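A structural walkthrough
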Protein chains: 2
Amino acid sequence: MTSGARLTGSVLVIGTGLLGTSLALALRRAGVEVLLEDANPEHVAIAVDRGAGVALSDADVPDVVVVACPPRLAAHVMAEASRRFPHATVTDVTSVKQPVLSDALAQGADPQRLVGGHPMAGREVSGPVGARADLFDDRLWIVTPGAADTDHVMQVHRLVTTCGGYAVEMDATDHDLAVALVSHAPQVISSALAAQLLEADEAHVRIAGQGLRDMTRIAASNVTMWSDILEVNGSPVADVLDHVATSLRETADALRERQGADISDALSAGVAGQLRIPGKHGAAAERYAEVTVQLADRSGELARMFVAAADAGINVEDVRIEHVLGRPSGLVSLFVLPGSDVALSAALLARDFDVRD
Amino acid sequence: MTSGARLTGSVLVIGTGLLGTSLALALRRAGVEVLLEDANPEHVAIAVDRGAGVALSDADVPDVVVVACPPRLAAHVMAEASRRFPHATVTDVTSVKQPVLSDALAQGADPQRLVGGHPMAGREVSGPVGARADLFDDRLWIVTPGAADTDHVMQVHRLVTTCGGYAVEMDATDHDLAVALVSHAPQVISSALAAQLLEADEAHVRIAGQGLRDMTRIAASNVTMWSDILEVNGSPVADVLDHVATSLRETADALRERQGADISDALSAGVAGQLRIPGKHGAAAERYAEVTVQLADRSGELARMFVAAADAGINVEDVRIEHVLGRPSGLVSLFVLPGSDVALSAALLARDFDVRD
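Reading guide: rules and limits
- Residues numbered from 1 in each chain as written.
- Chains lettered and ligands numbered in written order.
- Predicted model: local features only at pLDDT ≥ 70, side-chain atom pairs only at ≥ 80, totals over all residues.
- Core = buried A, V, L, I, M, F, W, Y, C linked by C-beta atoms within 7 Å.
- Buried ≥ 20, exposed ≤ 12 C-beta atoms within 10 Å, placed from the backbone.
- Contact = placed C-beta atoms within 7 Å.
- Pairing = 2+ DSSP bridges.
- Helix = DSSP H or I, 4+ residues; strand = E, 2+ residues; numbered from the N terminus.
- Axes fitted to C-alpha atoms, helices over the stretch in contact; angles between N-to-C directions.
- Right-handed = clockwise from strand over helix to strand, strands pointing away.
- Domains from an automatic or database assignment.
- Nonpolar A, V, L, I, M, F, W, Y, C, P; charged D, E, K, R; others polar.
- Least-squares fit on C-alpha atoms with pLDDT ≥ 70 in both.

Turning our attention to the nonpolar core. Among the nonpolar cores identified, the biggest contains 197 residues, and Met78(A) and Met78(B) are the most heavily contacted of them. Those residues within four positions of Met78(B) in sequence are excluded, and the remaining contacts are Val67(B), Val90(B), Asp92(B), Ala104(B), Ala109(B) and Leu114(B). Leu334(A), Val336(A), Ile314(B) and Leu334(B) belong to the second largest nonpolar core, which has 44 residues in total.

As a further point, take the sheet that holds strand β1 (residues 10-14) of chain B. Sheet strands associate in pairs through backbone hydrogen bonding, adopting either a parallel or an antiparallel arrangement. All names here are of chain B. Pairing within the open sheet is mixed, and its 8 strands lie in the order β3-β2-β1-β4-β5-β6-β7-β8. Two strands in the sheet have a free side with no partner beyond their single neighbour: β3 (54-55) and β8 (166-169). Sheet topology places strand β5 (residues 89-92) next to strand β6 (residues 114-119); 2 bridges connect them, and they run parallel. Bridging from a neighbouring strand, Thr-91 pairs with Val-115 of β6. Sitting on the sheet, helix α2 (residues 41-49) is in contact with β2 (33-37) and β3, with an inclination near 155° to β2.

Okay, the pairing of strand β2 (residues 33-37) of chain A next. Every other side chain in a regular strand lies on the same face of the sheet, so the side chains alternate between the two faces. Residues and elements named next belong to chain A. As paired strands, strand β1 (residues 10-14) and β2 are joined by 5 bridges and run parallel to one another. Along β2, the bridge assignment pairs Val-13 with Leu-36. Handedness of the crossover joining β1 and β2 through helix α1 (residues 18-29): right-handed. Viewed along the sheet, the connection from β2 through helix α2 (residues 41-49) into strand β3 (residues 54-55) turns out right-handed.

Residues and elements named next belong to chain A. Under the domain assignment used here, chain A contains domain 1 (10-170), domain 2 (176-274) and domain 3 (289-356). Taking only C-alpha atoms, the centre of domain 1 and the centre of domain 2 are 33 Å apart. The interface of domain 1 with domain 2 comprises 9 residues on the first partner and 6 residues on the second. When contributions to the side of domain 1 that touches domain 2 are tallied by element, the ones reaching two or more residues are α3 (71-84) and α4 (98-106). Top element by residues in the side of domain 1 that touches domain 2 is α4. It accounts for 3 residues. For the side of domain 1 that touches domain 2, a count of residues per class yields 5 nonpolar, 2 polar and 2 charged.

Next up on the list: the relation of the copies chain B and chain A. Of the two same-sequence chains, chain B is brought onto chain A (RMSD 0.1 Å, axial shift 0.1 Å) by a rotation of 180°. The operation mapping one copy onto its partner corresponds to a two-fold rotation axis. The fraction of interface residues of chain B whose copies in chain A are also interface residues reaches 100%, indicating that both copies meet through the same surface.

Here it is in structure tokens:
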């Protein structure tokens, strides 16, 4: 159902925070007429100032309304927008879909014009100042059509395409289960693990390696934003957390009772599960081939290595720099498409790089 | 207690797998006399062939014995080595210390000559073929002196230094608690999360982002090796897992009961805990400053970017390439020392890179 067609007509963006203003800038970049509204007039002024559109006036009749408010407010604002603009397509950018959309319908939103949206993009910053026209470029943007008419669903597809995104249709409930599994529960697990470090001995934390760093990276995320998201998607997230907690308890019991087979099984299930993730580091055999280089302790070595790869016509898909005691160790892993690894190794060896076998 | 002095005398390495052969190669690199022994004569032959030393003969009397066997065998082999060579310093490279060392003592190892060791280095591969002389360069190497004489502890410090490592003394029990927290329990948690993906819908897994990728990367590790390690360090690991499981259950309950304050508290504890890790991405404010660049979809852009940084005299400490649907999205984050970020942004802007604010 993805359409390459661009959006015509005017779009009202309600909520000129980071996502709303970025969306407005993306639409303006494509020449679309954008109207702006926010409970905070200062935010509208900043967005207007940044070229994101003009403030909504009473005479305006937008063709599409995008609600970019916090999850708690989105349903109410969508229902209201549906009443105020009885012909407009109404969509949102909330990261939880089913409860928000059914709440909007319960509050009187027109089901034929209500289409859920969730662009999978964001930044650590918030507010219109951090907004970017290219925030959604090449990003997944989940579209949940619900009971909406095809015309309105197509409008949202055009909106996504015009903003540079990549639309994927899903059922709203399905979406919420998916993000609970791949995003929301991992967020809580990362936080729970990181929280164990609070009371830990300084000497213990000091020997942390890359594994713990990777696992606790997202624990640094914005607490207010995440509390909001988690609360709205409470039940699906709680289910995943229960499953993981049960699995951890079972492994803890197996460890105390020295049930080696159970421990192996738990680890093997993890290996198999991890292989299902598209394009992750771990499944190098499936997606990427890895070439590891020990860089000399001279400035410019990283640049020299990437130049060697580029000169050999090889695209580096991903890179990982190992750290020891918080400092880079000089050990760098390059991930390339399978088949390119041999050529990359040869190109690096030809320039005297210390390639590890 | 770390000494810059190099090791003199001869070293017997028992167990010529990845770690043992790497250690032997590192010692040979420094000109130390190395003797080799392994239950598998083929492994000894490969190690000798790689220049890691010579096979032990009956007349040899090593000054230091390093036991590099799997955790299950280490204690027995150490006790035996202590008897066979009544004047030698006996140490090991096992990643669990207290149970292994007390077991070795129980089996008759001489407490005055027994010093625990744990080099924090490893590779995904195993066996002598994957061994590297530089495996321990700049790596932490935990030394647990126990009741050993200072002379023997100093010998192990010299061994570490000679291999290129960085010795840190810890109590054996303390070491096991530390690695349970920062390494062993995270391994199980990563596996438990990844295992949730096994039964998941293909469409759900497909929208996985960088967060899940990072959190499940180590789930791809070697099952046999990790089962062994976890079993030997069972009780401390089980305790950490229980704590995390309890925390996850509490958050699940808070989510079902919509206790927003409890959810916030759990996330806030994670933010604070994560800040304690030295040199991780998340604590950018503390350690590194981040500069984010949207690369154009042309080959060689990554190389051009690193050259721009190098030309400006700026060391890139870490790099992260964002992926969407398993493909690089062109969004690259560079981590530099605080203060260098402004100069890096300017240098990149001067070469027309699209630096995000």
